[in-house]
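Listed below, chain by chain, are the residues.
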Amino acid sequence: MSEDGYNDIMEGDTEIEMGMIEDVVYSQEFLPTFETIPVGASVPKVEKAEFNGKSDSLFFNDGVRRIDFVLVYEDEDMKETDKNITFQKRKKRREYFEASLMKMGMELEAVRSVVDEKLLFVKVHMPWDMLCTYAEVLHIKLPIQPNDLSTTSSPFNFLSCITKHFYPSEDLIAKETEYFTAPFEKDRLEYFYVKDRDLFFTPSMRSRMAYYILSRAPYEVQENIKKFGVTKLLDGGVYKAAYPLHDCRFNVMSKEDECPNERYLLYNEWAHPKSFYKMQPLDLIRKYYGEKIGIYFAWLGFYTAMLALAAIVGLGCFIYGYTTQETSTWSKEVCDPLIGGNIVMCPQCDKECTYWRLNSTCESSKKLCIFDNYGTLVFAVFMAIWVTVFLEFWKRYQAELEYDWDTVEFLEQEEQPRPEYEAKCNHTRINPVTRAKEKVPYTACGRCIRLSLGIGTVLFWIVLILASVVAIIVYRLAVFFSFSTRLQSDLKELEPFKEYVTAQMATSVTASIISFVVIMVLNILYERVAIWITDFELPRTKTDYENSLTLKMFLFQFVNYYSSCFYIAFAKGKVVGYPGQPVYLLGKYRNEECDPGGCLIELTTQLTVIMGGKAIWNNIQEVLLPWMKNLIFRYCTRVGSEKVIPRWEQDYQLQPIGKLGLFYEYLEMVIQFGFVTLFVASFPLAPVLALVNNLFEIRVDAWKILTQFRRMVPEKAQDIGAWQPILQGVAILAVASNAMIIAFTSDMIPRLVYYWSFSVYPYGDHSSHTMQGYINNTLSVFDIQDFSNKSRPLQTPYWFNNSTTCRYRDFRYPPGHHRQYEYSIYYWHVIAAKMAFIIVVEHIVYLTKFVLSYVIPDVPYTVREQIKREKYLSQVILHETNLKLVTKRLKPVADKIHKHNEDKEEEMMDLNF
């Protein structure tokens, strides 16, 4: 390993050498107002004030300066151990940090807590000039003039008298005026639409700019090292919290005249249970929380609305299967005492298992008919097309939001580097685009080492998941043996349930529960590992960081959640041999067999357990835990009813938002999206469950962030990031997955082959196509004399009499045939039909997806026209500004020339005279 690569790995703090400060971290490009505090110079202290008794105030005590951010710390002077070196070091760092903020132009005011005298709240305010400076640094788009393009009226306007009840009240949440916008430039302020300076920058913009400075302000100087960033101070205990303020209480309007009460409006028109049927006020969500939160709820709402159509079709498919289960010919034959009752099935495990009658699986075969029918095939094809329509229309809707929310040209160059990245910029390279020198945190070797370690760790954990899947498979094989020998005898007293609780069902349910528990445990462990790996890789921007973490987490979650389902769908019961020569796993455990009706009902059980368990667990985590924590905190810090608690202290009592923000919300929904699309052929009710869950999820998430958590720092976002290609990848995989489930997991293809080929001449005895005789035709015959000593059953049931053969699920020649126990012609017909089905269905669906993707444009025509108009206006303003600037610069020269010409004319006149 090279020395540079080793140094890349060993560095681990947000710090930078002094010699590189001007070029890297504190350049005019990133912090125009930064001024270094000389080493050893006295630092100014924050002005302290008394709480003025206004609980809803969002301003300093003077009532003029707005609070843009709040910092909370514990006063070391109030502690008994004030001489502790650690506490004194924290105090010194905090004082230097606050002095740096004031040096850059921020205004601070400290107020002591009403509840706990040890706590102090530092209110942060950005003056107008500073706001203008950093709005330009962050390329914030602001209005230049009202939108003068006429909007096309909807053809469904005649329904407005009905649909208006499903939208938030316009009396409370008025529709925002649309503007053409341009990136803010301080020198061109007169061209921007400034009606009121106090309202020109929204509170979310102000908080975003304040956090940008807080995350880059220095807090310590040690010899040639400078450390910076409020994040490190929070991790080190210097500050206990840092957050922007909510504008009021969620259930009570503010008494302050200038308060917009947006939190109160959002709660009543969005998060309150009474508003569950209303559309989301996305513009207000974006205005209050920023584009990143807004785009998440827009996506979740759009996904839920599209699920409604899938849920209706899936429910129709389920009802069709439920009503036709009693009329299924093959199910009737299984339940018929003269057919299924006379078919003796071979034991499904060695020695301890015994013979059993086919009609003992009557109830499970009826349940299988609900899901394994021709309606499922139609629904699987429908879902493959639905997912394409969903993604294409989401792109269109996202393009509209990008324009409305001014993120159309939000490019990587506009997103500033993360402070952690900036701190490690101690290597020089040539920029491949500009060919100029720039600072980077690692050499090519160092970057290769970081990526290699990250990839290796992810692969190790994926192998660990696969090992856990193998362990669960071994469990299934072991307990199936146990259930087969003891379950029926243990359930003798529970006669009504005896016929429903089979060994296969008991094994499937218990294995599904254990699999779910293993999934959740591995999730908790891997989460920490994935975050550590991504921190170690040191991505440049916040978007790069989230995309890298998203890919790692999804790869892990994909294997973790879906591996057991893929095993049941495509591996279980596929390689079992036959009773005389079974296949063993690890040389010890006999491979599982499917029920005579197939493994589809087990896959349905697995999906139900995981989807249901995951929804319950997530709601406990998202709702119950934050609510309990806030309840306990309020109980521990309760004060007398006569005390008035200020706005900033009310927010401090709420839960902090995690560092990853909405990552887990997206992950939860994308995993659900996988269940809805990848395995929908086995469980048509998956969209219905997902729809019900999402209707609750939207309101629960809204209630959670409005009532239980502090206000998030607003962030810019153009789209849903790395989740978009992940969704597209899942959609492509879903076509192949569902086609293979229908072909290999269900019994639809064997039934179709029997109906069209083997029920009539030359293979069958029937004069016309029929399903009669299907069960007898698809169960192979085995001579019990051919059992090996290892697998021969020790006991036989009393009704077995003198039978010499038993039946098993396969397509093999019977004993006595010259090719006995080899695959029959029926087997090869079925395999050919399955392969043909997969190829035909995949090509038809993929062609349909391609056509839909081509026909549906990603950006609506009206949005394209508005974008062109906005660019034109920006260019006009730029041209006029440059023209005025040139005129201003040339005016002294022109005046000088004009004066020179006048003087020359006077001289000529004098000479003539």
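Source: prediction; values computed, not measured.

Definitions and cut-offs
- Residues numbered from 1 in each chain as written.
- Predicted model: local features only at pLDDT ≥ 70, side-chain atom pairs only at ≥ 80, totals over all residues.
- Heavy atoms only, no water.
- Helix = DSSP H or I, 4+ residues; strand = E, 2+ residues; numbered from the N terminus.
- Buried < 20%, exposed > 50% of the residue type's maximum accessible area, 1.4 Å probe, protein only.
- Disulfide = S-S within 2.5 Å.
- Pairing = 2+ DSSP bridges.
- Axes fitted to C-alpha atoms, helices over the stretch in contact; angles between N-to-C directions.
- Patch = residues over 30% accessible without salt bridge, like charges linked within 9 Å, V, L, I, M, F, W, Y side chains within 5 Å.
- Areas by Shrake-Rupley, 256 points an atom, 1.4 Å probe, with all protein chains shown as cover.
- Salt bridge = Lys/Arg side-chain N within 4 Å of Asp/Glu carboxyl O.
- Lys, Arg positive; Asp, Glu negative; His and termini not counted.
- Charge placed at Lys NZ, Arg CZ, Asp CG, Glu CD.
- Polar contact = N/O pair within 3.5 Å; in protein donor to acceptor, adjacent residues only side chain to side chain.
- Core = buried A, V, L, I, M, F, W, Y, C linked by side-chain atoms within 4.5 Å.
- Domains from an automatic or database assignment.
- Contact = heavy atoms within 4.5 Å.
- Parallel < 35°, antiparallel > 145°, perpendicular 65-115°, else oblique.
- Left-handed = near helix turned anticlockwise from the far one by under 90°.
- Nonpolar A, V, L, I, M, F, W, Y, C, P; charged D, E, K, R; others polar.
- UniProt positions renumbered as here; feature names shortened; annotations may be inferred.
- pLDDT = per-residue confidence, 0-100.
- Expected span 1.5 Å × (residues − 1).
- Bend = angle between axes of the 7 residues up to and from the residue.
- Phe/Tyr/Trp six-rings, centres within 6.5 Å; stacked < 30°, edge-to-face > 60°.
- Lys NZ or Arg CZ within 6 Å of the ring centre and 35° of its normal.

Chemist: Quick question: what am I supposed to make of the overall build of the chain here?
Modeler: Per the secondary structure count, the chain includes 27 helices and 20 strands. Out of the 913 residues in the chain, the part that is buried amounts to 50%.

Chemist: Is there a simple way to explain the state of the cysteines in this structure?
Modeler: Here is the idea: a disulfide is a covalent bond, and it sits between the sulfur atoms of two cysteines. If you walk through the whole model with that rule in mind, you get 3 disulfides. Here C346 engages in a disulfide with C806; their sulfurs sit 1.9 Å apart. Looking along the S-S bond of the C346-C806 disulfide, the torsion reads about 90°, which is the right-handed sense. Placement of the pair is C346 in the loop between β11 (344–345) and β12 (356–357) and C806 in strand β20 (residues 805–809), with a sequence separation of 460 residues. A relative accessible area of 1% places C806 in the buried class. Sulfur-sulfur distance for the disulfide between C349 and C353 comes to 1.5 Å. Taking the sign of the S-S torsion, 95° for the link of C349 and C353, the bridge is right-handed. Neither residue differs from the other here; C349 and C353 are each classed as buried. Among the cysteines around C369, which has no disulfide bond, C335 carries the closest sulfur, lying 8.3 Å off.

Chemist: I keep staring at the sheet that holds strand β4 (residues 107–112) and nothing clicks. Help me out?
Modeler: Neighbouring strands of a sheet are bound in pairs by backbone hydrogen bonds; such pairs are parallel or else antiparallel. Taken together, 5 strands build an open sheet; the order of strands is β2-β4-β5-β3-β10 and the sheet is mixed. Two strands in the sheet have a free side with no partner beyond their single neighbour: β2 (47–49) and β10 (241–243). Taken over all neighbouring pairs, the strand axes of this sheet differ in orientation by 25° on average, direction set aside. Pairing geometry for β2 and β4, over 3 bridges, is parallel.

Chemist: Is there a simple way to think about a negative patch on the surface in this case?
Modeler: Together, E176, E178, D283, E400 and D404 make up a region of like negative charge exposed at the surface. Following the sequence through the fold, E400 ends up in helix α13 (residues 374–404). The class for E400 is partly exposed, based on a relative accessible area of 32%.

Chemist: For this particular structure, what's the right way to read the side chain of S365?
Modeler: Structurally, S365 is set in helix α12 (residues 362–371). Within the structure, S365 has its side chain in polar contact with the backbone oxygen of C362 (distance 2.5 Å).

Chemist: Would you mind going over the pattern of salt bridges with me for this structure?
Modeler: Side chains bearing opposite charge may pair, as long as their charged atoms lie close to each other. Per the stated rule, a full pass over the model turns up 27 salt bridges. One salt bridge in this structure joins E107 and R65, with 3.1 Å as the shortest N-O distance. Taken together, the residues span a long stretch of sequence, with E107 in strand β4 and R65 in the loop between β2 and β3 (69–74) at a distance of 42 residues. With a closest N to O distance of 2.9 Å, E537 and K552 form a salt bridge. Pair noted here: E537 is in helix α17 (residues 503–537) and K552 is in helix α18 (residues 542–570), with a separation of 15 residues, a long-range link. You'll find E537 and K552 in the same group, each marked buried. Via salt bridges that share partners, R286, E291, D406 and K716 belong to a single interconnected network.

Chemist: Even after reading the chapter, I still don't get the nonpolar core, so can you show me in this structure?
Modeler: Within the largest apolar cluster, 136 residues are counted, with the highest numbers of intra-cluster contacts made by W299, W386 and F675. Residue contributions to this core peak at 14 residues, all from helix α10 (residues 291–324). Residue contributions to this core reach at least three from each of two domains, namely domain 1 (47–270) and domain 2 (279–402 + 594–850). W299 has contacts with F390, W394, Y666, M669, I720 and L727, leaving out every residue within four places of it along the chain. Membership of the second largest hydrophobic core comes to 49 residues, among which are L101, L108, F201 and I867.

Chemist: Please clarify how the packing of α13 against helix α26 (residues 825–855) should be interpreted in this entry.
Modeler: For any two helices packed against each other, one specifies the crossing angle of their axes together with the interaxial distance. Packing of α13 against α26 leaves a shortest axis separation of 10 Å and a crossing angle of 25°. With respect to their mutual orientation, α13 and α26 come out roughly parallel. Viewed along their axes, α13 and α26 form a crossing whose handedness is right-handed. Judged by residue contacts, L377, V381, A384, I385, V387, T388, V389 and E392 of α13 engage F837, V845, T848, K849, L852 and S853 from α26. Residue composition of the contact of α13 with α26, by class: 9 nonpolar, 3 polar and 2 charged.

Chemist: Help me understand the UniProt feature "transmembrane region" (unreviewed entry) in the chain, please; the structure alone is not making it clear to me.
Modeler: As recorded in UniProt, the sites labelled "transmembrane region" (unreviewed entry) are residues 296–322, 374–394, 458–483, 503–526, 549–570, 670–696, 720–744 and 825–847. End C-alpha to end C-alpha, residues 825–847 measures 33 Å, and it is 100% helix and 0% strand.

Chemist: Explain the confidence of the model for the chain to me, please; I cannot follow it from the model alone.
Modeler: Across the chain, pLDDT averages 81, with 86% of residues at or above 70. Long-range and interchain partners of residues 1–28, a stretch whose pLDDT sits below 50, account for 77 contacts in this model, where long-range means more than four residues apart.

Chemist: Can you walk me through the packing of α10 against α13 in this structure?
Modeler: Packing of α10 against α13 brings their axes to within 10 Å, and their N-to-C directions diverge by 165°. Judged by the angle between their axes, α10 and α13 are roughly antiparallel. Like other packed secondary-structure pairs, α10 and α13 cross with a definite hand, here right-handed. For the contact of α10 with α13, the class distribution of residues is 22 nonpolar, 4 polar and no charged.

Chemist: What am I meant to see in unusual backbone geometry here?
Modeler: Only a minority of non-glycine residues have a phi that is not negative, and only a minority of peptide bonds are not trans. Of the consecutive residues Y761 and P762, the connecting peptide bond is found in the cis state with omega at 15°. Locating P762 in the fold gives a position in the loop between α24 (748–758) and α25 (774–778). Here the phi dihedral of N261 falls at roughly 55°; this positive angle occurs in a residue that is not glycine. Mapped onto the elements of the fold, N261 is located in the loop between β10 and α8 (262–271). Classification of N261 by relative accessible area gives buried; the value is 6%. The backbone phi angle of D406 is positive, close to 60°, even though this residue is not glycine. Here D406 is to be found in the loop between α13 and α14 (419–423). Residue classification places D406 among the buried positions, given a relative accessible area of 12%.

Chemist: Even after reading the chapter, I still don't get α18, so can you show me in this structure?
Modeler: Residues lying three or four places apart along an α-helix face the same way, a consequence of the helix completing one turn every 3.6 residues. When the terminal C-alpha atoms of α18 are compared, their 39 Å separation across 29 residues agrees well with the 42 Å that a helix rising 1.5 Å per residue should span. Along its length, α18 shows its largest kink, about 50°, at Y562.

Chemist: Teacher, can you tell me more about the packing of aromatic side chains here?
Modeler: Here the structure, examined in full by the defined rule, presents 64 aromatic pairs. With 6.4 Å between their ring centres and 25° between their planes, F318 and Y322 make a pair best called stacked. Placement of the pair is F318 and Y322 together in helix α10, with a separation of 4 residues, close to one helical turn. When the centroid spacing of 4.2 Å and the interplanar angle of 10° are considered together, the rings of Y355 and F800 count as stacked. Placement of Y355 in the loop between β11 and β12 and of F800 in the loop between β19 (779–783) and β20 is noted, with a sequence separation of 445 residues between them. For F800, a relative accessible area of 5% translates into the label buried. Sitting above the plane of the Y73 ring, R94 keeps its charged end 3.7 Å from the centroid. The lysine or arginine in question, K790, covers the ring of Y584, its NZ or CZ lying 3.9 Å from the ring centre.

Chemist: How should I be thinking about the environment of M611 in this particular structure?
Modeler: In this structure, M611 sits in helix α19 (residues 600–636). According to the relative accessible area criterion, M611 is buried, its value standing at 11%.

Chemist: Any chance you could explain α8 here in plain terms?
Modeler: Among the 10 residues in α8, 9 count as buried, and that is most of the element. Within the span of α8, buried status applies to E262, R263, L265, L266, Y267, N268, E269, W270 and A271. Buried residues belonging to α8 abut α9 (282–289), α10, α20 (647–652) and α22 (686–708).

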